[in-house]
Amino acid sequence: ADVAAAKAANELVPCARPNTIADGLQGRLGSNTWPVVRGLVDGVVTVSETEIVEAMKLVFSRLKVVVEPSGAVGVAVALKR
């Protein structure tokens, strides 16, 4: 299930596994985890593949660190806001 879709619908929404550069974040949301997410997560921010790549480039250019795409998602979110 997709967390953003599930939060928007306020119910568990099944979906196909996306093809993404951030494959480390492809965990499954199921009947055990959905109640926890529904109760404790206030919102979900999504970023595009392009935003992830741009975040990776920024981290490398400023810090000279090669970051894994899933690790760059937080930077992408910060840049988006």
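Residues numbered from 1 in each chain as written. Predicted model: local features only at pLDDT ≥ 70, side-chain atom pairs only at ≥ 80, totals over all residues. Heavy atoms only, no water.

For helix 3 (residues 49-63), spanning 15 residues, the distance from its first C-alpha to its last is 21 Å, which sits close to the expected 21 Å at 1.5 Å a residue. For helix 3, the set of buried residues is Ile 52, Ala 55 and Val 59. What you see down the axis of helix 3 is that its buried residues fit within an arc of 60°, all on one side. Buried-residue contacts for helix 3 involve helix 4 (69-80). (Helix = DSSP H or I, 4+ residues; strand = E, 2+ residues; numbered from the N terminus. Expected span 1.5 Å × (residues − 1). Buried < 20%, exposed > 50% of the residue type's maximum accessible area, 1.4 Å probe, protein only. Arc of directions from axis to C-beta. Contact = heavy atoms within 4.5 Å.)

This part covers the pattern of salt bridges. Using the criterion set out here, one finds two salt bridges in the structure. Among the ionic pairs, Lys 80 bridges to Glu 51, the shortest N-O distance being 3.9 Å. A residue pair is termed long-range when its members are at least 10 positions apart, and Lys 80 in helix 4 and Glu 51 in helix 3 qualify at 29 residues. For Lys 80, a relative accessible area of 42% corresponds to the partly exposed category. Glu 51 sits in the partly exposed class, given a relative accessible area of 27%. (Salt bridge = Lys/Arg side-chain N within 4 Å of Asp/Glu carboxyl O.)

Our focus in this paragraph is the side chain of Thr 20. The topology assignment puts Thr 20 in the loop between helix 1 (3-9) and helix 2 (34-40). Within polar-contact distance, the side chain of Thr 20 engages the backbone nitrogen of Ala 22 at 3.1 Å. (Polar contact = N/O pair within 3.5 Å; in protein donor to acceptor, adjacent residues only side chain to side chain.)

Before going further, it helps to examine the environment of Glu 49. Structurally, the position occupied by Glu 49 is in helix 3. What makes Glu 49 partly exposed here is its relative accessible area of 35%. The spacing of Glu 49 and Thr 20 is 29 residues in sequence and 7.0 Å in space, taken between C-alpha atoms. If sequence neighbours within four positions are ignored, Glu 49 has contacts with Thr 20 and Ile 21. Only 2.8 Å separates the side chain of Glu 49 from the backbone nitrogen of Ile 21, close enough to count as a polar contact.

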